[in-house]
Every structure is written in structure tokens, then in C-alpha cells.
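# An overview of the molecular structure
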Amino acid sequence: MVDLLPAVTATWQRIEASAREHFRRAGINEIRTPLLEVTELFARGIGEATDVVGKEMYTFLDRGERSCTLRPEGTASVVRAAIQHGLLSQGPQRLWYGGPMFRYERPQAGRQRQFHQIGVELLGVADAESDAEAIAIAWDLLADLELGGLELELNSLGTLDDRARYRAELVAWLEAHREQLDADSQQRITTNPLRVLDSKHPDTQAVLAGAPSLHDALSPESHERFAQVRRGLEALAIPFRLNPRLVRGLDYYGHTAFEITSNQLGAQATVCGGGRYDGLVQQLGGPATPAVGWALGMERLVLLLSQAAAKGAELSQSAAPDLYVISRGEAGAQQALLLCRLARQAGLIAERDASGAAFAKQFKRADRSGAPWAAVLGEEEAAEGVAKLKDLRGEQAERRLPPGEVVALVKQSLAACGRQP
Ligand code: ATP
Ligand code: MG
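Everything numeric in this text was worked out from a predicted model, so none of it was measured.

Attention shifts here to the site of ligand 1. Neighbouring ligand 1 are 14 residues, the closest being Arg 103, Glu 105, Gln 112, Arg 248 and Thr 270. For ligand 1, an oxygen atom lies 2.7 Å from a polar atom in the side chain of Arg 103. The contact in question runs from an oxygen atom of ligand 1 to an N or O atom on the side chain of Gln 117, over 2.9 Å. Protein burial of ligand 1: of its 580 Å² of free accessible surface, 92% is covered by the chains. Within the residue set of the shell around ligand 1, elements represented by two or more residues are strand S6 (114–123), strand S10 (270–276) and strand S11 (291–297). The element contributing the most residues to the shell around ligand 1 is S10, with three residues. A per-class count over the shell around ligand 1 returns four nonpolar, five polar and five charged.

See the structure below:
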């Protein structure tokens, strides 16, 4: 565990301030949970057979003889808190957290026993565009820090059924090649076979070139969902590389899984990792709630930025969006996502309704959000490459404009009433 001395905290603050600003623009609110949880939460949430639960947790009995664990990650705690406080009955929750995590690992550059993460959890969103949105928020945050050499790796883990089918196929194949695998991987054949794919062992990796691919085991529905996520990323011009071996270390992921890696970090290359975890909320005793999220490792970012000059951090509160974006259908959702991103890049606070609900319902939420403007993207608008821009507070007539002009007009109207985005 390491001390953070004044020489490096400015870099930390710069990253934190930048992350806060990105979250503010995306309407993502902070949640802070205790560092200590009952052990059961992680055993149930992360999975007994994972490295984290199996051998990395700081677990002890407190004076009341309860088994406690210093949190090894943030998602399980955030989901617990959301369930416990009934947040999930209040509609989708867009949350972020930051702070120390604890894992008993072998310390090395970019790997500590106390380390820090910043993470985002979008709870209650099922659409593929939300996966693309979550990834875009991480991607844009890292891009703003001007880090070169980053790559987005993407995979689909399919559904539980897909994985069960694949698991059987993979185990049979691994058994047949047992002798050629490293000792760790041999053990994982029974405990957590998918994790073998993720082995860092070069010989094992070479053998795995011939293993059956999870991609081939996906159902047609899973394939289509994955294609939709990829189309979402393509619409945002975010480059990615498909990596069919990317499985992530925690059991709760399904469908989208991704990592953002740097070519400047040596062995500890992953800066950010995440994906979809539709089953976790229910598994922890909450209502069925689809969700997608990610976490990035602060130490690895700081390593990348270690020479960077300190920048003044301007902290800000979450505010009503400047623009609320409503859509229907995949093409509409994709255009909505694109418009939100444009608006955010221009310094506006943009919120996208991801519910896919009837327009009337989405309008109600637009009103409640306090946004002065709503942009509407139905199939017709999406096909035309325009959005319908509605003045929610004043008297201006509705207009059909391309995304760039929507952003310009909203910015102009804010400047006219003296607010500089
Ligand atoms: P790795 O394969 O590097 O062990 P992981 O899959 O265990 O990563 P996650 O649990 O997804 O990582 O955590 C997200 C991010 O947190 C990682 O990509 C990494 O940047 C950071 N991270 C994880 N464990 C550590 C650690 N022990 N020290 C520093 N950073 C870490
Ligand atoms: Mg790990």
C-alpha cells in the first residue's frame, strides 16, 4: 500500500476533476459507499470461483464475530446500496464512485494492494446504445487526458445459456489439452474455465489459438445485440478491436465486455474494464434490473500522466441538462447518442432518454428534468438526419435541424440568457 505524496496528488486531482466534469455533463451522480462490507456480498456478487474472492480479499472477523471484507471493487457495493435505499424504483440510476479498493495481490508497477478506482454504473438501462454510451464516456474521459496509445477491446459474453453451452465445449477441449496448459490454467478447468482464456501465460496463449471460440457459441439474439453495440460505437466513430478471448475477471458480466488498454504500461496494460451485468441486481436480492458499467484504475492512469502539469480543478454540482434527447427505434437511439455526444463535446449538459418508452412518457421526463430544450429523434427524423428541437420553457416554434445546428442553437440561447456552457 502506497502513500500519495504532494508531488503526485496534483495529477490525481486533475484526473478526478476531469472525470467529475465528464460525469456532470452526462448526468451521472456520485455515490459513496463504505470501505467495509459483509463478506457475503462479494462472495455472492463477484463469484466464489473468481481470483478476487478466492485469493485476493482482505477478510477478517470483527469484534462482533462477523466476517467483514475491505471492498475489492465498487460494483457490488453500489448495487447493494441502490437496492437497500430503494433507488431502483425511482427509475434508471446513473451513478459514479471513486476511492480505494483492496486486493491481496503481488505488488508491482501498476498493481497495488490498496489501489484506487473510478467507476460508472448505469442501472436500469437495457438498450445496446447504453453500452455504447458507457464506453463512450470512458473513452472521451481518457481522450481528454490526452493519453496516446489507447485501444478499446470488445467482446460479447452472450447470455448465461450461451456461456453454459460454451463452457461444456471449452472444458472438453481444455481437458484434451490439459498437459500443454500452465498449472494455474489446469486448476481453472474445474473452477472457472472461461478464465483460462484470459491466461497471461505465453505457452498457454499459444495453445489456446486452437480452442473453440465463445463467439461461435452465441445465440442469434446475442449476435444481433452485439452487432447493435458495435453499430453504436461505429456511429460515434470510436475505434475498437474485437477480442474473442476477453472474458473479464468477475462472474457477473454477460453480453458486452470491454477493456481499454495502453501500449505504454507493460504487463499491467488495462486502464479501464467493464461491461454489462444484467443479472447482478437480482442476484443480490433486488428487482430484475439491466445494467452496464466500468471501472478505471487510477494508479495506471497516474503512471501514464506522471509528467503532466497540475491543472486547476473546478468542481461543479450536477445541474439540469441543457438539452434532453428523446428517441424511438435503433436508428433514432443512435442519432440521439450522437447528438448527446456532440452537445457534451461542446460543453453542454445533455441527457438521453434510454427507456425506449412512448414519446409521451419521454416528454414527461424531459419536462421533469428541467431542461430548457428537448430534441426528438423518431424513425423519420433519423432517416432525414435531423432532430426536432422543442422549446420547453419559451415560445419558440418547433424546428427541424441537423445535430450541429441543434447544438449551436442551444448554446446560443444559453449565451443570450447569460449562461456560458
Ligand atoms: P487485472 O487483469 O489487471 O488484474 P482486473 O480484471 O482484476 O485487472 P478490474 O477488477 O476490472 O481489473 O478493475 C478495473 C481496473 O482497476 C483495472 O483495469 C485496473 O486498471 C485497475 N486495477 C485492478 N486491480 C488493480 C491493482 N491491484 N492495482 C492497481 N490497479 C488495479
Ligand atoms: Mg486482477
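From this point, the discussion proceeds with the structure in view.
An order of S13-S12-S14-S15-S16 is seen for the five strands of this open sheet, with the pairing classed as mixed. Since the sheet does not close on itself, it has two edges, and those belong to strand S13 (350–352) and strand S16 (399–401), each with one partner. Neighbour-to-neighbour, the strand axes of the sheet open up by a mean angle of 25°, direction not taken into account. In the sheet, strand S15 (residues 387–391) pairs with S16 via three bridges, with the strands oriented antiparallel. Note on S16: the bridge partner recorded for Ala 387 is Leu 401. On top of the sheet, helix H14 (residues 359–369) reaches strand S12 (323–327), S13, strand S14 (373–377) and S15; it is set at about 170° to S12, its chief contact.

Turning next to the packing of aromatic side chains. Per the stated rule, a full pass over the model turns up five aromatic pairs. An aromatic cluster is defined as three or more aromatic residues linked by ring pairs; in this entry it consists of Phe 23, Trp 96 and Trp 294. In this structure, Arg 113 packs its charged tip against the face of Tyr 104, placed 3.9 Å from the ring centre. In this structure, Arg 230 is placed above the aromatic ring of Phe 226, and the distance from its NZ or CZ to the ring centre is 4.6 Å.

Rules used throughout
Residues numbered from 1 in each chain as written. Chains lettered and ligands numbered in written order. Predicted model: local features only at pLDDT ≥ 70, side-chain atom pairs only at ≥ 80, totals over all residues. Heavy atoms only, no water. Near = heavy atom within 4 Å. Polar contact = N/O pair within 3.5 Å; in protein donor to acceptor, adjacent residues only side chain to side chain. Areas by Shrake-Rupley, 256 points an atom, 1.4 Å probe, with all protein chains shown as cover. Helix = DSSP H or I, 4+ residues; strand = E, 2+ residues; numbered from the N terminus. Nonpolar A, V, L, I, M, F, W, Y, C, P; charged D, E, K, R; others polar. Pairing = 2+ DSSP bridges. Axes fitted to C-alpha atoms, helices over the stretch in contact; angles between N-to-C directions. Contact = heavy atoms within 4.5 Å. Phe/Tyr/Trp six-rings, centres within 6.5 Å; stacked < 30°, edge-to-face > 60°. Lys NZ or Arg CZ within 6 Å of the ring centre and 35° of its normal.

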